[in-house]
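Remarks on the overall topology
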Amino acid sequence: MQQLIAFIRKEFYHIFRDRLTTAILLLLPIMMLILVGYAITTEVRNTGIAVYDPSNDIATQAIINKLEASGYFGVTRYLSSPDEIEHVFREGKTGLAVVFSERFYENLMHTGEAQVQLLADGADPNHAITVTNYATTIIASYQQDLLKTSVSGIPYQISPEVKLLYNPEMKGAYNFVPGVMGMILMLICAMMTSVSIAREKELGTMELLLVSPMKPIYIILSKVVPYFFLSIINLTTILLLSVYLLKVPIAGSLFWLIILALLFIFVSLALGLLISSMVEKQLVALLISGMALMMPVVFLSGMLFPVENMPWLLRMISEIIPAKWFIMGVRKIMIKGLTYSSITKELLILGSMAVVLIVVSLKKFKIRLE
Amino acid sequence: MNVITAENLTKSFGSFTAVDHISFEVAQGEIFGFLGANGAGKTTAIRMLCGLSKPTSGKGFVAGFDIRKQPEPIKANIGYLSQKFALYEDLKVWENIRLYAGIYGIPEKEIGRKTDEILQRLGFENEKNVLVKALPLGWKQKLSFSVAIVHDPRIVFLDEPTSGVDPATRRQFWELIYDAADRGITVFVTTHYMDEAEYCNRVSIMVDGRIQALDTPKNLKQQFDAKNMDQVFHQLARKSKLNGE
């Protein structure tokens with residue numbers, strides 16, 4: 001026990017004396033989340049809208065006024081034909097196109113229904129979803145106003161039809177929080193653990209440790225404990241920032257979110273150990289964890305690109321990527337607010353991955369050098 | 001009393017036999033020089049004795065324990081220092097001593113006393129709080145030797161501890177070795193500096209994985225009719241198939 005404590009203390013010295021790395025590790029999640037946060041909050045102001053308004057009646061005028069009055073939108077163009085939409089988007093000054101149906105007010109009054117189409121540039125998905133959400137809300141509030149002043153009692157229905165150009169598979173900003181969590185935890189646990197063990201091998205200190213009466217399991221534990229703590233700190237920062245800065249609430253149970261995160265941390269730590277048992281050099285450990293772990297997390301976990309649209313080979317590969325299951329689970333609990341019964345599959349998969357990886361990496365961690 | 005016994009110890013990597021049926025004994029308190037050219041199999045032999053590498057065949061006993069079956073008790077009784085000095089560069093001098101004292105299971109109460117004792121013996125009292133990376137090579141080496149024997153082991157294995165150091169520092173390093181031997185620690189040292197062989201009680205010379213000579217430096221010089229150990233070594237090394245340096 002005393003050995004273990006002495007050794008864990010030493011690992012913390014390594015981490016805190018390397019100030020730059022520590023700063024990066026602690027600030028990275030904050031920076032990533034703030035970047036994401038800015039993309040959501042500031043860009044929407046003064047978005048240019050192009051309007052196609054064949055009706056030009058009091059209802060459409062009122063909606064346009066309401067949109068402009070909100071401060072989020074400013075009309076830049078009135079279109080004479082819907083065909084121009086493509087053109088104005090290419091100019092780049094327009095973030096949203098509002099297309100009213102013909103005889104909008106008349107339809108609304110008589111049938112109780114009218115259509116308005118909102119088109120946004122899906123090439124920038126975060127922006128597009130925010131813009132359309134705002135516009136939809138504003139139109140809905142007009143509908144509320146209308147109902148209040150209504151004497152006839154007709155339930156007026158304006159159905160905004162949202163259509164995203166260029167990227168029909170919409171990825172919202174909310175998805176970034178689970179994604180960033182997956183990336184950061186994987187980075188700290190797997191990459192840092194494997195690099196720090198590889199460093200001992202490279203410097204020759206590992207040899208001395210293996211000759212010492214120190215149990216190999218202690219060596220492993222002492223490597224794992226500090227990065228476990230670091231990832232808990234990061235997990236806390238990410239959750240606090242996303243709730244208080246980005247206003248992404250934890251809709252479901254915090255307890256199950258933490259269980260899920262802990263499982264994922266164990267998987268990542270075990271992956272780090274596995275990598276370090278295969279390599280002798282820090283650089284190789286860094287490259288392997290960068291290429292073999294981070295790349296799949298970014299591209300195949302569904303964080304940025306929808307997995308469903310990928311060729312079957314990539315879909316198969318994505319099935320064995322722990323981050324995919326973690327991100328799916330976090331979305332369900334944190335964003336959708338589902339209960340733990342909805343993430344049984346994710347928990348089971350991550351749990352078995354953790355057990356298998358820990359067993360394999362403990363077996364592979366050599367007590368003797370050859 | 002013998003603290004190290006090797007009987008036909010052999011290690012093969014595929015078709016290459018790095019250590020070929022070596023047999024020797026080392027007595028308690030002896031300084032035993034384990035000589036040989038680069039690639040003669042010295043490091044492989046040391047690793048087997050330390051429990052870092054499993055012998056292909058043959059027997060070995062260190063501190064009375066079987067190297068095949070009882071690696072754990074062996075580890076508690078030996079110190080080890082390789083060519084790379086296993087100090088942590090981003091830890092301070094005293095932190096390194098403390099760490100290894102902890103690893104070797106020295107009781108918490110004694111660690112402080114032990115640390116002061118080592119600092120004093122080395123004359124490092126003023127460098128106590130210096131990061132190891134700021135120390136000159138020779139100092140690091142002396143510190144790593146003291147750290148390797150912090151737990152007063154019965155045997156210390158030194159694998160080319162003096163390579164790449166200036167003669168004056170080597171001289172000082174050997175003083176530390178004598179000091180350790182005086183305290184009853186058996187020293188098993190490999191080197192390719194032949195002048196250092198003269199400092200040993202007995203030396204063995206390895207060529208191509210076999211021990212070609214084993215005796216006191218004085219007897220070896222007589223036997224090979226040589227003025228110094230360098231000449232003894234060259235007569236033997238000439239027989240090498242590999243013809244390594």
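Residues numbered from 1 in each chain as written. Chains lettered and ligands numbered in written order. Predicted model: local features only at pLDDT ≥ 70, side-chain atom pairs only at ≥ 80, totals over all residues. Heavy atoms only, no water.

Time to look at the sheet that holds strand β6 (residues 78-81) of chain B. Residue and element names in this part refer to chain B. Judged by pairing direction, the sheet is mixed, and its six strands sit side by side in the order β6-β7-β8-β3-β9-β10 without closing on themselves. With one partner strand each, in any of the chains shown, β6 and β10 (210-215) form the two edges of the open sheet. In this sheet, neighbouring strand axes are inclined to one another by 15° on average, regardless of whether the strands run parallel or antiparallel. Two strands pair when backbone bridges link them, and strand β7 (residues 155-159) and strand β8 (residues 186-191) are joined in this way by five bridges, in the parallel orientation. Along β8, the bridge assignment pairs L158 with V189. Against the sheet, helix α6 (residues 167-182) contacts β3 (31-36), β6, β7 and β8, and its axis sits at roughly 135° relative to β3. Each of β3, β9 (202-207) and β10 touches helix α9 (residues 229-237); the most contacted strand, β9, lies at about 30° to it. (Pairing = 2+ DSSP bridges. Helix = DSSP H or I, 4+ residues; strand = E, 2+ residues; numbered from the N terminus. Axes fitted to C-alpha atoms, helices over the stretch in contact; angles between N-to-C directions. Contact = heavy atoms within 4.5 Å.)

Let us now look at the packing of aromatic side chains. The full count for this structure, using the stated rule, is 19 aromatic pairs over all chains. Ring centres of Y72 of chain A and Y134 of chain A lie 4.5 Å apart, and the angle between their planes is 85°; on these two criteria the pair is classed as edge-to-face. Here Y134 of chain A lies in helix α6 (residues 125-149) and Y72 of chain A lies in the loop between α3 (58-69) and β2 (73-79), a separation of 62 residues in the sequence. What makes Y134 of chain A partly exposed here is its relative accessible area of 28%. Grouped by ring-pair contacts, the aromatic residues F24, F32, F34, F157 and F188 of chain B constitute a single cluster. Over the ring of W325 of chain A we find K324 of chain A; its NZ or CZ atom is 4.9 Å from the centre of that ring. (Phe/Tyr/Trp six-rings, centres within 6.5 Å; stacked < 30°, edge-to-face > 60°. Buried < 20%, exposed > 50% of the residue type's maximum accessible area, 1.4 Å probe, protein only. Lys NZ or Arg CZ within 6 Å of the ring centre and 35° of its normal.)

Now for the interface of chain A and chain B. In this assembly, 28 residues from chain A lie in contact with 37 residues from chain B. For the pairing of chain A and chain B, the buried interface totals around 2,900 Å² over both sides, and the portion due to carbon and sulfur atoms is 55%. Our count for the contact surface shared by chain A and chain B stands at two salt bridges. Across the salt bridge formed by R47 of chain B and E207 of chain A, the nearest N and O atoms sit 3.0 Å from each other. Where chain A touches chain B, the interface holds eight residue pairs in polar contact (both at pLDDT 80 or more). (Buried area = accessible area lost by both parts, 1.4 Å probe. Salt bridge = Lys/Arg side-chain N within 4 Å of Asp/Glu carboxyl O. Polar contact = N/O pair within 3.5 Å; in protein donor to acceptor, adjacent residues only side chain to side chain.)

Right, let's get into the side chain of N96 of chain B. All names here are of chain B. Summarising the element assignment, N96 is placed in helix α3 (residues 93-103). The exposure class assigned to N96 is buried, which follows from its relative accessible area of 0%. The residues contacting N96, other than those within four sequence positions of it, are L87, Y88, L91 and V132.

Residues of chain A with pLDDT of at least 70 account for 88%, and the chain-wide mean is 82. Across chain A, the element-wise mean pLDDT spans from 57 in strand β5 (residues 157-165) of chain A up to 91 in helix α10 (residues 254-278) of chain A. (pLDDT = per-residue confidence, 0-100.)

This next bit is on the domain arrangement of chain A. Accessible area lost when the parts come together is the quantity often used to give the size of an interface. You can read the domains of chain A as domain 1 (2-39 + 173-364) and domain 2 (43-165). Between domain 1 of chain A and domain 2 of chain A, the C-alpha centre-to-centre distance is 44 Å. (Domains from an automatic or database assignment.)

Quick look at unusual backbone geometry now. Positive phi, close to 50°, is recorded for N56 of chain A, a residue that is not glycine. Examined against the element boundaries, N56 of chain A turns out to sit in the loop between β1 (47-52) and α3. Looking at N56 of chain A, the relative accessible area reads 51%, which means it is exposed. One non-glycine residue, D152 of chain B, lies in positive phi territory at about 45°. Assignment of secondary structure puts D152 of chain B in the loop between α5 (137-148) and β7. Note on D152 of chain B: relative accessible area 41%, which makes it partly exposed.

What follows is about the confidence of the model for chain B. Taken as a whole, chain B shows an average pLDDT of 88; of its residues, 98% reach a score of 70 or greater. If you check the scores for this complex, the pTM reads 0.72 and the ipTM reads 0.81.

This part takes up the pattern of salt bridges. Throughout the structure, instances matching the rule amount to 24 salt bridges over all chains. Across the salt bridge formed by K223 of chain A and E200 of chain A, the nearest N and O atoms sit 3.0 Å from each other. Remark: E200 of chain A occurs in helix α7 (residues 176-203) and K223 of chain A occurs in helix α9 (residues 216-244); sequence separation between them is 23 residues. With respect to burial, K223 of chain A and E200 of chain A carry one shared label: buried. Its salt-bridge partner being K140 of chain B, residue E89 of chain B comes within 3.1 Å of it at the nearest N-O pair. Of this pair, E89 of chain B sits in the loop between β6 and α3 while K140 of chain B sits in helix α5, and the two are 51 residues apart along the sequence. Given the relative accessible area of 31%, E89 of chain B is considered partly exposed.

A few words on the environment of S12 of chain B. Residues and elements named next belong to chain B. Mapped onto the secondary structure, S12 falls in strand β1 (residues 2-13). Note on S12: relative accessible area 24%, which makes it partly exposed. Considered as a pair, S12 and S57 are 45 residues apart in the sequence and their alpha carbons are 8.9 Å apart. Aside from chain neighbours lying at most four places away, what touches S12 is T17, A18 and T56.

In contact at an axis separation of 8 Å, helix α1 (residues 2-17) of chain A and α3 of chain B are set at 150° when each is read in the N-to-C sense. In terms of axis orientation, α1 of chain A runs roughly antiparallel to α3 of chain B. You can see that α1 of chain A and α3 of chain B cross each other, and the crossing is left-handed. From α1 of chain A, Q2, Q3, A6, F7, R9, K10, Y13 and R17 of chain A reach across to α3 of chain B, where they touch W94, E95, R98, L99, G102 and I103 of chain B. When its residues are assigned to classes, the contact of α1 of chain A with α3 of chain B shows six nonpolar, three polar and five charged. (Parallel < 35°, antiparallel > 145°, perpendicular 65-115°, else oblique. Left-handed = near helix turned anticlockwise from the far one by under 90°. Nonpolar A, V, L, I, M, F, W, Y, C, P; charged D, E, K, R; others polar.)

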